[in-house]
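# Descriptive analysis of the structure
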Amino acid sequence: MSSHADTAHHHYTTTGLEHRKLAIWAFIGSECMLFASLISTYLIYKGRSIVGPFPHTEWVNEAGQVFKPILDIPVTSASTFVLLMSSLAMVLALQAVQLKDTPLPAGANWWTRIQRSSQTWLLATALLGMTFLGFQAYEFTSFVHEGLTIKTNLFGSTFFTLTGFHGAHVTAGVLWLFTLLWIDRTRGLGPKDELIVDIAALYWHFVDVVWIAIFTLVYLIQ
Amino acid sequence: MSHDPKHAAPTAAHHGGPHAGEHAHPDGWTYVKVGAILTIITIIEVWAYYIPALVASPFFNPSLLIMSAVKFAIVVMFYMHLKYDHKLFRVLFTGPLIIAMGTIVALLFLFHQLSVKF
Amino acid sequence: MATIAAPSLASAGDAYAENSGIWSWITTVDHKRIGTLYLWTALFFFLVGGFEAVLIRTQLAQPNMGFVSADTYNQLFTMHGTTMVFLAIMPLSAAFFNYLIPLQLGARDVAFPRLNAFSYWVYLFGGIFITVPILFKVAPDGGWFGYAPLTTTQFSAGINIDFWVLGLQILGVSSLAAAFNFITTVINMRAPGMTLMRMPMFTWMSFVVQFLVILAFPVITIALFFLMMDRFFGTQFYAIAAGADPLLWQHLFWVFGHPEVYILILPAFGLVSEVLPTFSKKPLFGYNVMVYSGIMIGTLGFGVWAHHMFAVGMGAVADSIFSLMTMLIAIPTGVKIFNWIATMWSGEIRFTVPMKFAIALIGMFTIGGISGVMHSSPPADLQQTDSYFIVAHFHYVLFGGSIMGIFAGIYFYFPKMTGRFLDTTLGNWHFWLNFIGFNLAFFPMHFSGLLGMPRRIYTYDAGQGWDLFNLTSTIGTYILVVATSIFVWNFLRSRTRGAVAGNDPWGAATLEWSIPSPPPEYNFAQIPEVTSRYPLWDLKDPAKTAGIEHSHADAMTITDAHAVPMHEETERHTAKSLGIPMPFPTAKPFFTALAMCAMIGGLLVMRTGNMGLALAVMIGSAALMVGGLYSWLTSPLE
Amino acid sequence: MSMLRLRQAAPALLLAVCLLAITACGGTEYPNSTFNHHTDFNTSIDALWDRLLFWGTVVFVVVELALLVTIIRYRKRPGGPAAKQIHGNAALEITWTAIPAVILVLIAIPTVKTIFETQAPAPAGALKVEVIGHQWWWEFRYPELGITTANELYLPVGRTASFELKTVDVIHSFWIPQMGGKRDLITNKTNFLWFTPNADLASSAWNGFCTEYCGTSHANMRFRVFTVQPDEFASWAAHQAKPAVYPATDSVGSTGYVFPAEMLPEHTVPKTPIPAGLEFDDSLLEGGDPVAGMTNLMIGGCIGCHTIDGNPMAQSPIGPNLTHIASRHTLAGGLFPNDAPTLARWLKNAKKMKPGALMNVVGRGEYEPLIKANVDGGLDDKQIADLVAYLRLLK
Ligand code: HEA
Ligand code: HEA
Ligand code: CUA
Ligand SMILES: [Cu+2]
């Protein structure tokens, strides 16, 4: 669906709202249930694994091998921060697109200027998202090295699936962001494109919001 | 949302389409400030995690939940500009959210991961 | 939905679809043609599911029969349930969503026409994927709710369950995509003046259903995803040796499953709410209450799921809460029943075929509802659950409710869809045989159940006191075969030979009847302006609607014919001749759907042991799917 | 018009059928009826059921009558009155919201009461029975009495039986329609259920079923319940707790109480036909040699799965405990009568006798789906006949 075609025909909508924005909110509502199922499952199985490694407690197997509590809070805190900042970058990207055609006031400082640079913010968002994914890749591989795989125990299955689902959402978001960046570079995004940036942003923030819940429920609460 | 059609039609015609009926958007600084608040709450959360006395206290889990709920709400209201947007979006989001939360809580009770003492 | 503008100013001529040939069906984005595809496909699957039921009933006609083997029987009832629920009733409802919602709203199409095509193709491919295995006796055999751990590889090593796990995930995509589409359509594409509280009841109930879909389907998607991970990648969600809790599956399934049954019934409720007023010559009684009760049913439906699990030992507190919540649902449902009766009260009732089906729904659904309330009392349900008493309940609500309602809808809307009536004589035969066969088939199940017959048994011993009831059920089923065959014959024949119907053959009240039958591709030459809930009655018989709220009552009289123009067909216009922009036909949704199904189905290749090939298939189709999506999203709609 | 009369008659007819059948449900014609008061549990349930049925019938009659009256009275007639354009009525809406609500309260209160009553902990002094589900047979253990048996459950009348329900594989469900409601056997979980067979119940036999779909032979996972007098139970239990006499001979002596075969009601005698194509020379059964048969336990691999107390070789818990197999009336989840010809065929090819059965095919030359080939070792008919002779002694 081309946004150009839409605006060209001035489609009548009952509420005056854009179709796609309604759809993305309905989609986000639906995603709430998706993640609710994943999070419930994680919490239901919490503490029910027969063998370790465990998230917050040490585990010694029959051979006397010691497994540390597996969750790495400092690293995850950093990645959480990164994702939060990507949300900030995203909202600024949207603002930049909205402001594109507003003339800069005389004597604008660097901050006012950079606020107009949608490419900067889109790129920043995407890079921060990729950094988050990098952290996750690091986390997953180190867990595997420490003896926790998706097959090891209930904790492994639920943990990797929950965070993996989230990671897949981030990945899709990063692709989406790069697509926007590519459009911005090829033909420039302006206020008329507000919608397509807005729906990407809503998706991105939602993914961030889900992480806020996961960070607390999975990592911090014991 | 049942706008009188006579008024609704022109709304769609101008470019404000996605934001019909909204209030003014906050400016960049507001977003940065919101980001700072989010960071501060996250720092408090992680800090609390490292204080054994806090972790042991019965208030640890509830306060973490409250803090993350606040973060959640801030992002949704400001970054997802639900606070400024059409109320229909709020309905589309909060309705499912309530059902989702209700389901999580009910499931946790059913699996005895939560319990109330009478 | 990353959308990118690439305004290729294609010449306007390209936009107008060819109307014949396979390719025109593959590329169509017209909601009416997609609705037609849904209708045909779903009717086909209804026959398949019915045929499976006939085999089931033949096997059960007498004790210790050897008509089919145990394994075949288990595949039959699994596929019967799965087919009827996911491939027949839901898509039959979807056929009406597609066909009717835009027409009832006064719109030219749905919000996302291509997404709509995509939904259909995913449904078709998913349906084929899940149905074909039965021809090779490797069909899913875990029951339609596939309880773990029976469905894990430990106890079901074959590929049977794989088809089910993957197939249902595919079908879920279809329903979800359609639901986002219809939510947007209903909110955003109502004609001027069509406030929410002026929407036709069918559209209202469908609107509620879409919310049930977007909230219920993610849950089963996740439950199935876990099972898929267990079966293909060795996770342990349902692995009993790892300490998994089998109730996890049950809870997730029924969190979906209960809303699902309202997904199955509410569209039928909507359809009869169109039929009853029309043939009573009266507006729907208590419109507002009907809307609210529909919303109540949908919302409460999320809080009752564990009533399917009263025998699992949840504890007295949980049993009590879910029991009370379940009973509550009887109230809004009862309100609907009473309002329908009140709609007919003091009307002028014409017993047309659709009206007969609608009345039958009221009578028969009530029986199913009452047995539902009997299940909702946990101690009593312990004697009922997993017995034929349950089978009786759900066929009374599903057949006596959904199917009756859908048949009412088919007879009612066939003239709109084809321009011709279904034959009335054949229709009457169909109705009466259907009504008798249905009661003969399912009423005795109340007794066989309460007299101790468990469900899902391929055989039973002689002398258990069930013989007569089973035989009667089987005879009833054969009568249903005759009834259904008459319908099929009528349906096929009347398309070309039925009596010609005009725009508004029944004297109905809503917008879809203001346009020619079948409707032109653009639906409304001029988007109507709606001033009340019953625009056509305003036009034709204003006295009938004088008592209800109208807008602009001061500015123009409600009889103002300009508000809802009747498009009497004098000569056939085309969108082109009227200069109405139409979406381009495109095969992109078709190919994207195909690629997506290949991607998910590709996992099956893993069962051959050839991991490389499996990956190649999946990654290859994933690439095609993403490519298809990009190309779809970057090409202009119209 | 004739159409209309049919439409009128149908529900009335249904109701009549309904009432007729309900009154008939107590009789012996319906040996698995849920409507009876053989236990305290089922008495509570039935009281609830009566109330549900009463209100259900009231609602049914009111709705169907209202419907019929409406469609008859307001059918379109030439010269009939025109439709009255009524759009709604708040008072009516409130009424038909409130009345069902009141009915539901009348149902809900006894429901909740019964839930808490029937799910309370079992009274002290109850007889403990462990019920263990297997694909597709039942294991019953009396831990206090040291008894393990299969597919046949003995319960003394007048004493509460408290069941602990478990499963070794998938989910099953335990149901004796005449005794009360069912309860699932869930993997990794223990469920509870208790009831007391009425003290004045004569010694009698009942059918039980697995009611949770559990795979191929779910339909064939049945069992028998014998409610017996306390002294009969004591005698049965005392003998069942003993090991089998080893080596088994004819002179076993007292076998304790066993529910007499001639008292078995018709519906508890299995009538499952022997599948076609399973030939066995029944004449061999006459001269079976139990001592040789015992060695065949090893040759046939029986000891890999079965326990026979008193036989130190046969100590595997996978299949049903065979210690007192000859004291049982049925075989293989209540599917067949336990007589020599049937037993022989069962041993020859269990998978043909019972679809999916997890017991090996033992008969030489029979097809074994597990190995997708015919058994070439195994036992020939003579050896099976010997084995049967031995098993028939395990009273
Ligand atoms: C169209 C689908 C549909 C609908 C609408 C319903 C409606 C209801 N169902 Fe049903 N149900 C199924 C489909 C449906 N069900 C299926 C498929 C299963 C089995 C799944 C499986 O195991 O395979 C099932 C199983 C099922 C169970 C589980 C039984 C078991 O397995 O042990 C229960 C338990 O409470 C239940 C209850 C109800 C209730 C209370 C309603 C209520 O919504 C009914 C409300 C309606 C009325 C009550 C009638 C009208 C009301 C009045 C006239 C007012 C006055 C009435 C009173 C005061 C009583 N259903
Ligand atoms: C909407 C849902 C729906 C519908 C309409 C039906 C319709 C029918 N069902 Fe249904 N049934 C279910 C949903 C449905 N069922 C579900 C969910 C289950 C549970 C499955 C499970 O346990 O997992 C079930 C289980 C179930 C069982 C229990 C099986 C068991 O537990 O062992 C039985 C048994 O009698 C049965 C019978 C029937 C019959 C006789 C019909 C009849 O009404 C069918 C009528 C249709 C026909 C008779 C079509 C005939 C047409 C032809 C044969 C072709 C003619 C062709 C041409 C002329 C071209 N069904
Ligand atoms: Cu065991 Cu069914
Ligand atoms: Cu339900």
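Structure: see above.
Worth saying up front: this structure is predicted, and the values here are computed from it rather than measured.

Parameters and conventions
Residues numbered from 1 in each chain as written. Chains lettered and ligands numbered in written order. Predicted model: local features only at pLDDT ≥ 70, side-chain atom pairs only at ≥ 80, totals over all residues. Heavy atoms only, no water. Near = heavy atom within 4 Å. Polar contact = N/O pair within 3.5 Å; in protein donor to acceptor, adjacent residues only side chain to side chain. Helix = DSSP H or I, 4+ residues; strand = E, 2+ residues; numbered from the N terminus. Contact = heavy atoms within 4.5 Å. Buried area = accessible area lost by both parts, 1.4 Å probe. Salt bridge = Lys/Arg side-chain N within 4 Å of Asp/Glu carboxyl O. Donors = N, O, S within 2.8 Å, 3.2 Å for Na, K, Ca; no water. Phe/Tyr/Trp six-rings, centres within 6.5 Å; stacked < 30°, edge-to-face > 60°. Buried < 20%, exposed > 50% of the residue type's maximum accessible area, 1.4 Å probe, protein only. Lys NZ or Arg CZ within 6 Å of the ring centre and 35° of its normal. Core = buried A, V, L, I, M, F, W, Y, C linked by side-chain atoms within 4.5 Å. Domains from an automatic or database assignment. Pairing = 2+ DSSP bridges. Axes fitted to C-alpha atoms, helices over the stretch in contact; angles between N-to-C directions. Nonpolar A, V, L, I, M, F, W, Y, C, P; charged D, E, K, R; others polar.

## With respect to the site of ligand 1
Neighbouring ligand 1 are 33 residues; Trp144, Tyr262, Thr385, His393 and Arg455 of chain C lie closest to it. Flanking ligand 1 are residues from chains C and D. Contacts to ligand 1 include histidine 307 of chain C, whose side-chain N or O atom sits 3.5 Å from an oxygen atom. Contact between ligand 1 and arginine 455 of chain C: an oxygen atom at 2.8 Å from a side-chain N or O atom of the residue. Elements with a contribution of two residues or more to the shell around ligand 1: helix H7 (247-280), helix H9 (316-344), helix H10 (353-375) and helix H12 (388-418) of chain C together with helix H2 (40-73) and helix H3 (90-118) of chain D. In terms of residue count, H9 of chain C provides more of the shell around ligand 1 than any other element does, seven residues in total.

## A few points about the interface of chain A and chain C
Each partner contributes residues to the interface: chain A has 46 residues there, and chain C has 49 residues. In this assembly, chain A packs against chain C so that about 4000 Å² is buried in total across both faces, 67% of it on carbon and sulfur atoms. For aspartate 245 of chain C, the salt bridge goes to arginine 48 of chain A, with nearest N and O atoms at 2.9 Å. Inspection of the region where chain A meets chain C yields 13 residue pairs in polar contact (both at pLDDT 80 or more).

## So, the coordination of the iron atom of ligand 1
Six octahedral donors around a metal ideally make angles of 90 or 180 degrees; four tetrahedral donors ideally make 109.5 degrees. All names here are of chain C. A lone protein donor contacts the iron atom of ligand 1, and this donor is His393 (NE2), found at 2.2 Å. A spacing of 4.5 Å is found between the iron atom of ligand 1 and the copper ion (ligand 4). In this structure, histidine 393 sits in helix H12.

## Overview of the packing of aromatic side chains
All names here are of chain C. Scanning the entire structure with this criterion turns up 114 aromatic pairs over all chains. Here tryptophan 121 and phenylalanine 590 contribute two aromatic rings whose centre-to-centre distance is 4.8 Å and whose plane-to-plane angle is 85°, an arrangement assigned as edge-to-face. Linking tryptophan 121 in helix H4 (residues 113-131) with phenylalanine 590 in helix H17 (residues 588-601), this pair joins segments that are 469 residues apart in sequence. The class for phenylalanine 590 is buried, based on a relative accessible area of 13%. Taking NZ or CZ as reference, arginine 456 lies 4.1 Å from the ring centre of phenylalanine 145, over its face. One cation-aromatic arrangement involves arginine 533 over tyrosine 287; the distance from NZ or CZ to the ring centre is 3.7 Å.

## Points about the coordination of the copper ion (ligand 4)
All names here are of chain C. For the copper ion (ligand 4), the full set of protein donor atoms is His258 (ND1), His307 (NE2) and His308 (NE2), at a range of 1.9 to 2.1 Å. Between consecutive donor residues of the copper ion (ligand 4), the sequence gaps follow H-x48-H-H. For histidine 258, a relative accessible area of 4% translates into the label buried. The exposure class of histidine 308 is partly exposed, given its relative accessible area of 29%.

## Some remarks on the nonpolar core
Nonpolar side chains in soluble globular proteins tend to end up buried together. The biggest cluster of nonpolar side chains holds 413 residues, and the ones touching the most others in it are Phe163 and Phe174 of chain D. It is helix H6 (residues 201-233) of chain C that provides the largest number of residues to this core, a total of 24 residues. Counting residues domain by domain, this core receives three or more from each of domain 1 (34-60 + 99-120) and domain 2 (127-241) of chain D. Core analysis: the second largest hydrophobic core is formed by 33 residues, Ala244, Trp346, Ala357 and Val388 of chain D among them.

## Regarding the interface of chain D and chain C
Between chain D and chain C, the contact holds 99 residues from the first and 107 residues from the second. Carbon and sulfur atoms supply 69% of the area buried between chain D and chain C, which totals about 8400 Å² over both sides. On inspection of chain D and its partner chain C, the count reaches two salt bridges. Here aspartate 461 of chain C ties to arginine 222 of chain D by a salt bridge, and the two come within 3.9 Å at their closest N and O atoms. Residue assignment for the side of chain D that touches chain C shows that the elements contributing at least two residues are helix H1 (2-24), H2, H3, strand E7 (183-185) and strand E9 (204-210) of chain D. Broken down by element, the side of chain D that touches chain C gets its largest block of residues, 18 residues, from H2 of chain D.

## Describing the sheet that holds strand E5 (residues 161-167) of chain D
Residue and element names in this part refer to chain D. Pairing is mixed across the open sheet formed by five strands, whose spatial order is E3-E2-E1-E5-E8. Because the sheet does not close on itself, it has two edges, and the strands there are strand E3 (147-150) and strand E8 (191-195). Neighbouring strand axes in the sheet, compared pairwise and without regard to direction, differ in orientation by 25° on average. Two elements, strand E1 (residues 127-134) and E5, share seven bridges in a ladder whose sense is parallel. Pairing of glycine 133 across the sheet is with threonine 167, part of E5. Sheet strands touched by helix H4 (residues 230-240): E1, strand E2 (137-142) and E3. Its angle to E3, the strand with the most contacts, is close to 95°.

## Examining the site of ligand 2
Residue and element names in this part refer to chain C. Taken together, 33 residues are adjacent to ligand 2, and Tyr73, His80, Ile89, His395 and Arg456 come closest. A distance of 2.7 Å is found between a nitrogen atom of ligand 2 and a side-chain nitrogen or oxygen belonging to histidine 395. Those elements that provide at least two residues to the shell around ligand 2 are helix H2 (31-60), helix H3 (70-105), H12, helix H13 (424-450) and helix H14 (467-497). For the shell around ligand 2, a count of residues per class yields 22 nonpolar, eight polar and three charged.

## Focus: unusual backbone geometry
Residue proline 149 of chain C follows alanine 148 of chain C across a cis peptide bond; omega there is 5°. In this fold, proline 149 of chain C is placed in the loop between H4 and helix H5 (160-188). Along the chain, glutamine 135 of chain D connects to tryptophan 136 of chain D via a cis peptide bond; the corresponding omega equals 0°. Here tryptophan 136 of chain D lies in the loop between E1 and E2. Although it is not a glycine, histidine 112 of chain B sits at a positive phi angle of roughly 60°. Assignment of secondary structure puts histidine 112 of chain B in the segment after helix H5 (87-110). Non-glycine residue lysine 137 of chain C carries a positive phi angle of around 55°. Structurally, the position occupied by lysine 137 of chain C is in the loop between H4 and H5. Its relative accessible area of 55% is what places lysine 137 of chain C among the exposed residues.

## Some thoughts on the pattern of salt bridges
Opposite charge on two side chains permits them to pair, given that their charged atoms come into close proximity. If you walk through the whole model with that rule in mind, you get 22 salt bridges over all chains. The shortest N-O distance in the salt bridge between arginine 607 of chain C and aspartate 162 of chain C comes to 2.5 Å. Taken together, the residues arginine 607 of chain C in the loop between H17 and helix H18 (611-634) and aspartate 162 of chain C in helix H5 connect sequence positions 445 residues apart. By sharing partners, the salt bridges in this structure join Lys128, Glu130, Glu164 and Lys166 of chain D into a single network.

## Regarding the pairing of E2 of chain D
Residue and element names in this part refer to chain D. Judged by how many residues are buried, E2 sits mostly within the fold: five of six residues are covered. Where E1 and E2 come together, five bridges link them in antiparallel fashion. The residue bridging glutamate 130 from the neighbouring strand is arginine 141, located in E2. Once E1 ends, the chain turns through two residues before running back antiparallel as E2. Looking at chain direction, E2 and E3 are connected through four bridges and run antiparallel. Along E3, the bridge assignment pairs phenylalanine 140 with threonine 149. The antiparallel pairing of E2 with E3 creates a hairpin that spans four residues between the two strands, and glycine 146 there sits at a positive phi of about 70°.

All quantities given are derived from atomic positions and should not be read as evidence of function.
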